[in-house]
Amino acid sequence: MKRILGVLAMLVAVQANAGEVTVSGAWSRATVPGQDAGMVQLVITSKQAAKLVGVTSKDAGKAELHSMVHENGVMKMRQVAAIDLAAGKAVDLGEEGYHVMLMGLKQPLKAGEKTEITLTVRFASGKEEQVKVNADIKPQSEPAQQMKMNMKM
Ligand SMILES: [Cu+2]
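The structure presented is a predicted model; accordingly, all values stated were derived computationally and were not measured.

How each quantity is defined
Residues numbered from 1 in each chain as written. Predicted model: local features only at pLDDT ≥ 70, side-chain atom pairs only at ≥ 80, totals over all residues. Heavy atoms only, no water. pLDDT = per-residue confidence, 0-100. Contact = heavy atoms within 4.5 Å. Helix = DSSP H or I, 4+ residues; strand = E, 2+ residues; numbered from the N terminus. Buried < 20%, exposed > 50% of the residue type's maximum accessible area, 1.4 Å probe, protein only. Polar contact = N/O pair within 3.5 Å; in protein donor to acceptor, adjacent residues only side chain to side chain. Donors = N, O, S within 2.8 Å, 3.2 Å for Na, K, Ca; no water. Tetrahedral: all angles 85-135°; square planar, octahedral: opposite > 155°, others 65-115°. Salt bridge = Lys/Arg side-chain N within 4 Å of Asp/Glu carboxyl O. Pairing = 2+ DSSP bridges.

A few points about the confidence of the model for the chain
- On average, the chain scores 86 in pLDDT, and the residues at 70 or more come to 80%.
- Per-residue pLDDT stays below 50 along residues 13-17; that stretch engages in 1 contact with residues further than four places along the chain or on separate chains.
- Below a pLDDT of 50 lies the segment residues 144-153, which in the model reaches 21 contacts outside its immediate sequence neighbourhood of four places, other chains included.

Next up, the structure:
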């Protein structure tokens, strides 16, 4: 019994040390020649109520949080200051109409490689957490991905 309690205590300790924020399924599409911007999609979950308030990228001159909105039948992208993250809820940026925009790419996004972004999450307490994310770069022609992009755009 003591041993089991010890194991449980260890598990609890490991969980407490884990970040408050988890990110999964981060991906971007490979760029075509001449394209110097890219989008990253991901699913983010915060244990506490928080907001995604910023993003940086070493691979791009500038990274921003963007929304996509339909306006008179035209899809427009806009920078947003923050994206709400309800406690414990997995937020799929794509499904919510958001994406991370990479502008002024320093090099093409090549399929099979990864691009790293750093997200800034601000909790209700005001405390912030930086979350490094490696997004998989997928080929242009991957059917499943194209389908997804078509649905979003
Ligand atoms: Cu955008």
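There's plenty left to go through after this.
Side note on the side chain of His66
- Note on placement: His66 falls in strand β4 (residues 60-71).
- Judged by relative accessible area, His66 falls into the buried class, the value being 6%.
- Reaching out from His66, the side chain makes a polar contact with the side chain of Glu64 at a distance of 2.8 Å.
- For His66, the contacting residues outside a window of four places in its chain are Met77, Arg78, Gln79, Val80, Gly97, Tyr98, His99, Met101 and Met103.

Comments concerning the coordination of the copper ion
- The protein atoms that coordinate the copper ion are His66 (ND1), Met77 (SD), His99 (NE2) and Met101 (SD), at distances spanning 2.1 to 2.4 Å.
- The site at the copper ion holds 4 donor atoms, and with the angles between them running 90 to 124°, its shape is tetrahedral.
- Within one chain, the residues serving as donors to the copper ion are arranged as H-x10-M-x21-H-x1-M.
- Classification of His99 as buried rests on a relative accessible area of 0%.

Re the pattern of salt bridges
- Summed over all chains, the structure comprises 8 salt bridges.
- Between Glu71 and Arg78 there is a salt bridge, with the nearest N and O atoms lying 2.7 Å from each other.
- Of the charged contacts, one joins Lys89 and Glu96 as a salt bridge, the two residues approaching to 3.6 Å between their closest N and O atoms.
- Here the salt bridges share partners, and the residues they tie into one network are Glu71, Lys76 and Arg78.

Some words on the pairing of strand β9 (residues 114-123)
- Most of β9 is tucked away, with 7 of its 10 residues classed as buried.
- Of the pairings in the sheet, the one linking strand β3 (residues 50-57) to β9 comprises 7 bridges and is antiparallel in character. Paired with Val55 across the strands is Leu119, a residue of β9.
- Sheet topology places β9 next to strand β10 (residues 128-138); 9 bridges connect them, and they run antiparallel. Across the sheet, residue Lys114 finds its bridge partner in β10, namely Asp136.
- Turn length for the β9-β10 hairpin, with the two strands adjacent in sequence and antiparallel, is 4 residues, and the turn residue Gly126 shows positive phi of about 100°.

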